[in-house]
Amino acid sequence: MDLGLKGKVAIVAASSKGLGKACAFGLAREGARVVICARNESDLQKARDEIENNINGEVFAVRADVTKSEDIKNLVKATVEKFGTVHILVTNAGGPPSGYFENFSDDDWLNAFNLNFMSAVRLIREALPYMKTQRWGRIINITSVTVRQPIDTLILSNSIRMSVVGLAKTLALQLAKYNILVNNVAPGYTLTDRVKYVIDQRARETGKTFDEIKSELAKDIPLGRLAEPEELANLVVFLASEKASYITGATIPVDGGWIKGVF
Ligand SMILES: NC(=O)c1ccc[n+]([C@@H]2O[C@H](COP(=O)([O-])OP(=O)(O)OC[C@H]3O[C@@H](n4cnc5c(N)ncnc54)[C@H](OP(=O)(O)O)[C@@H]3O)[C@@H](O)[C@H]2O)c1
């Protein structure tokens, strides 16, 4: 199937590793001109080289911290200077810390809001004028299964990511007339560097092996395993494509069946 992504300009936020990198890879493989960003410059260059060495095209890397408004403005400006416009925006960031209600101060809540909500607001604000002018756009927010089924230890994620869902649903209504589609993807447990680090840490704390901890995490997942980052990226690539032309305002899990609710 030709997804019609050749030549499209895509910004993927927080993309030197993990889910973001897999999305950038997937879009670049389909011929999109991809812009990646992250805070750590050397990881960013490594990711750019890795993607470029595996595709027939160019990847542009811009160092940016998505918690900083100026960095986001610069990211979109640099993209437009390089490639002329923005067709596709994948919003993404690091995850907020885990913990319970009593663990967090106002600053913790505001930091999580800035990281996981304001980053999406600011990225969309900067990219939107180009999408409106060309009457074509795809906005895809990477959220989490926590927007459909809270995880006990992740109160910041459970709470703040819901606001991204509200934002996307509202924008989907408002931007449909410009042919701009807005959707969320909701990954479940996925074997990224972040999750591997968590598994490693838990293995050290408990004296169990990496594989034992991984199996424990997988025991509530009907497919019986954690996801690979590419499995989330495959959905993002499809939603970014011409072929997803009638999907907007949706929140789609990629969770191996983990969410137990019907809707
Ligand atoms: N993996 C999962 O199982 C899973 C499940 C549900 C939701 N999620 C969510 O999905 C998102 C990505 O997770 P991941 O597992 O892919 O993480 P990861 O493997 O740790 O990768 C995170 C990427 O984001 C970049 N990043 C982090 N903070 C940033 C910032 N402030 N500005 C710019 N770039 C930033 C990192 O680079 P630098 O550190 O160099 O900036 C890195 O490239 C997180 O919000 C996470 O909570 C993950």
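On a predicted model such as this, the values are computed, not experimentally measured, just so you know.

1. Details of the pairing of strand 2 (residues 33-38)
Buried residues dominate strand 2, accounting for 5 of its 6 residues. Bridge count between strand 1 (residues 9-12) and strand 2: 4 bridges; the pairing is parallel. Bridge pairing in strand 2 links A10 to V34. A crossover links strand 1 with its parallel partner strand 2, the connecting element being helix 1 (residues 18-29), and its sense is right-handed.

2. Quick look at the packing of helix 6 (residues 193-206) against helix 7 (residues 210-218)
The interhelical angle for the contact between helix 6 and helix 7, taken along N-to-C directions, is 115°, at an axis separation of 8 Å. Compared by their axis directions, helix 6 and helix 7 come out roughly perpendicular. Helix 7 is crossed by helix 6, and the crossing has right-handed handedness. Here K196, I199, D200, R202, A203 and T206 of helix 6 lie close against helix 7, whose contacting residues are F210, I213, K214 and L217. When the residues that make up the contact of helix 6 with helix 7 are grouped by side-chain class, the tally is 5 nonpolar, 1 polar and 4 charged.

3. Topic: unusual backbone geometry
A positive phi angle is found at R135, which is not glycine, with a value near 50°. Structurally, R135 can be placed in the loop between helix 4 (106-134) and strand 5 (137-142). The exposure class assigned to R135 is partly exposed, which follows from its relative accessible area of 48%. Phi is positive for N179, which is not a glycine, with a value near 60°. Summarising the element assignment, N179 is placed in the loop between helix 5 (155-175) and strand 6 (180-187).

4. A few points about the pattern of salt bridges
A side chain with one charge may pair with a side chain of the opposite charge, provided their charged atoms come close. This model, assessed by the stated rule, comprises 11 salt bridges. Linking R63 and D71 is a salt bridge whose minimum nitrogen-to-oxygen distance equals 3.4 Å. Take R63: its relative accessible area is 36%, and that puts it in the partly exposed class. Between K77 and E81 there is a salt bridge whose closest N-O contact spans 3.3 Å. Of the two residues, K77 and E81 both sit in helix 3 (residues 69-83), 4 residues apart, roughly one turn of that helix.

5. A short note on the packing of aromatic side chains
Per the stated rule, a full pass over the model turns up 3 aromatic pairs. Relative to F83, the ring of F60 lies with its centre 6.2 Å away and its plane at 80°, an arrangement referred to as edge-to-face. Remark: F83 occurs in helix 3 and F60 occurs in strand 3 (residues 59-63); sequence separation between them is 23 residues. On the basis of relative accessible area, F60 is assigned to the partly exposed category, the value being 22%. Look at F83 and you get buried, because its relative accessible area is 10%. Between K8 and the ring centre of W136, over which it is positioned, the NZ or CZ distance is 4.6 Å. Note that K82 overlies the ring of F60, its terminal NZ or CZ placed 5.3 Å from the centroid.

6. Let's talk about the site of the ligand
What surrounds the ligand is a group of 29 residues, the closest being S16, L19, R39, R161 and T192. In this structure, N40 approaches the ligand through a main-chain N or O atom, which is 2.9 Å from an oxygen atom. In this structure, an oxygen atom belonging to the ligand sits 2.8 Å away from a side-chain N or O atom of R161. Alone, the ligand offers 890 Å² of accessible surface; in the complex the protein occludes 90% of this. Every element with two or more residues in the shell around the ligand is listed here: helix 1 and helix 6.

7. With respect to the domain arrangement of the protein
Here the domain parsing of the protein yields domain 1 (9-190 + 228-253) and domain 2 (191-226). Between domain 1 and domain 2, the C-alpha centre-to-centre distance is 25 Å. Taken together, the contact pairs 10 residues of domain 1 with 9 residues of domain 2. Both faces combined, the contact of domain 1 with domain 2 buries some 810 Å², and carbon together with sulfur accounts for 53% of it. A per-residue breakdown of the area domain 1 buries against domain 2 is headed by Y189, T190 and E228, which together make up 59% of the total. Where domain 1 packs against domain 2, one counts 1 salt bridge. Close ionic contact of R225 with E231 constitutes a salt bridge, the shortest N to O distance being 2.8 Å. Inspection of the domain 1/domain 2 interface yields 2 residue pairs in polar contact (both at pLDDT 80 or more). Residue classes in the side of domain 1 that touches domain 2 are distributed as 4 nonpolar, 3 polar and 3 charged.

Conventions adopted
- Residues numbered from 1 in each chain as written.
- Predicted model: local features only at pLDDT ≥ 70, side-chain atom pairs only at ≥ 80, totals over all residues.
- Heavy atoms only, no water.
- Buried < 20%, exposed > 50% of the residue type's maximum accessible area, 1.4 Å probe, protein only.
- Helix = DSSP H or I, 4+ residues; strand = E, 2+ residues; numbered from the N terminus.
- Pairing = 2+ DSSP bridges.
- Right-handed = clockwise from strand over helix to strand, strands pointing away.
- Axes fitted to C-alpha atoms, helices over the stretch in contact; angles between N-to-C directions.
- Parallel < 35°, antiparallel > 145°, perpendicular 65-115°, else oblique.
- Left-handed = near helix turned anticlockwise from the far one by under 90°.
- Contact = heavy atoms within 4.5 Å.
- Nonpolar A, V, L, I, M, F, W, Y, C, P; charged D, E, K, R; others polar.
- Salt bridge = Lys/Arg side-chain N within 4 Å of Asp/Glu carboxyl O.
- Phe/Tyr/Trp six-rings, centres within 6.5 Å; stacked < 30°, edge-to-face > 60°.
- Lys NZ or Arg CZ within 6 Å of the ring centre and 35° of its normal.
- Near = heavy atom within 4 Å.
- Polar contact = N/O pair within 3.5 Å; in protein donor to acceptor, adjacent residues only side chain to side chain.
- Areas by Shrake-Rupley, 256 points an atom, 1.4 Å probe, with all protein chains shown as cover.
- Domains from an automatic or database assignment.
- Buried area = accessible area lost by both parts, 1.4 Å probe.

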